[in-house]
Amino acid sequence: MSDLQRDVRSIPAAFDVVTDPWQPHRLATVNDSDVKVVRLLGEFVWHAHPDTDELFLVRLGTVVIQLRDGDVTLGPGDLYVIPAGVEHCPLAREEVEAVLIERVGTVNTGDAGGDRTFEAREL
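What counts as what
Residues numbered from 1 in each chain as written. Predicted model: local features only at pLDDT ≥ 70, side-chain atom pairs only at ≥ 80, totals over all residues. Heavy atoms only, no water. Helix = DSSP H or I, 4+ residues; strand = E, 2+ residues; numbered from the N terminus. Rg over C-alpha atoms; globule rule 2.2 N^0.38 Å. Contact = heavy atoms within 4.5 Å. Areas by Shrake-Rupley, 256 points an atom, 1.4 Å probe, with all protein chains shown as cover. Buried < 20%, exposed > 50% of the residue type's maximum accessible area, 1.4 Å probe, protein only. Core = buried A, V, L, I, M, F, W, Y, C linked by side-chain atoms within 4.5 Å. Salt bridge = Lys/Arg side-chain N within 4 Å of Asp/Glu carboxyl O. Pairing = 2+ DSSP bridges.

Peer 1: Before we go on, may I ask you to explain the overall build of the chain in this structure?
Peer 2: Helix and strand content of the chain: two helices and eight strands. In the chain, the succession of α and β elements from N to C terminus is α-α-β-β-β-β-β-β-β-β. For 123 residues, the compact-globule estimate of 2.2 N^0.38 gives 14 Å, and the chain sits close to it at 14 Å. Judged by the C-alpha coordinates and their principal axes, the chain covers about 50 × 30 × 25 Å. Across the chain, contacts joining residues at least 24 apart in sequence account for 65% of those joining residues at least 6 apart. Summed over its atoms, the accessible surface of the chain is roughly 6700 Å², and 50% of this surface lies on carbon and sulfur atoms.

Peer 1: Which parts of the structure should I look at to understand the environment of P76?
Peer 2: Structurally, the position occupied by P76 is in the loop between β5 (70-74) and β6 (79-82). According to the relative accessible area criterion, P76 is exposed, its value standing at 56%. A sequence separation of 17 residues divides P76 from R59, and the C-alpha atoms of the two residues are 4.9 Å apart. Residues within four places of P76 in sequence aside, it is in contact with V58, R59, L60 and G61.

Peer 1: Can you walk me through the nonpolar core in this structure?
Peer 2: The tendency in soluble globular proteins is for nonpolar side chains to be buried side by side. With 16 residues, the main nonpolar core has L40, F56, V63, I65, L74 and V96 as its most contacted residues. When residues of this core are traced back to their parent elements, those giving at least two are β2 (33-43), β3 (54-60), β4 (63-67), β5 and β7 (88-103). Sorting elements by how many residues they give to this core places β7 first, with four residues. For L74, the residues in contact, after removing those within four places along its chain, are F56, V58, G61, T62, V63, I65, L79 and Y80.

Peer 1: Explain the pattern of salt bridges here, please?
Peer 2: Where side chains of opposite charge bring their charged atoms close, a pairing between them can arise. Per the stated rule, a full pass over the model turns up six salt bridges. Across the pair E102 and K36 runs a salt bridge whose closest N-O atoms are separated by 2.7 Å. Taken together, the residues span a long stretch of sequence, with E102 in strand β7 and K36 in strand β2 at a distance of 66 residues. Across the pair E87 and R68 runs a salt bridge whose closest N-O atoms are separated by 2.9 Å. Here R68 lies in the loop between β4 and β5 and E87 lies in the loop between β6 and β7, a separation of 19 residues in the sequence. Connected through shared salt-bridge partners, R39, R59, E95 and E97 make up one network.

Peer 1: Would you mind going over the pairing of β5 with me for this structure?
Peer 2: Looking along a regular strand, one sees the side chains alternate between the two faces of the sheet. Pairing between β4 and β5: five bridges, direction antiparallel. Note on β5: the bridge partner recorded for I65 is V72.

Set out below in structure tokens:
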């Protein structure tokens, strides 16, 4: 395998490693943003990321991004950007595989903290 080929990342293979919900894992870093993979199941916590946007791209399943002024439903292949500072709460009634893009160092629970806070692990 060439050195360049080692830099190729497989999203399906990443989800073989990521088994627990709400625990994002860093797949790659692009400029000042992390590309993370995460499984979602159940309702998360209401939170905001005051200084950064957050992109959700659904690979499998359906997730509802609850917002204070209405809900956004995403299915496979759908992408939505939550603007910085907007309070939101993801809800997945069945397991979802999603790719997130957010600024390096962004904590999954944003300004809420709590027992669901998880530092992104490297894959």
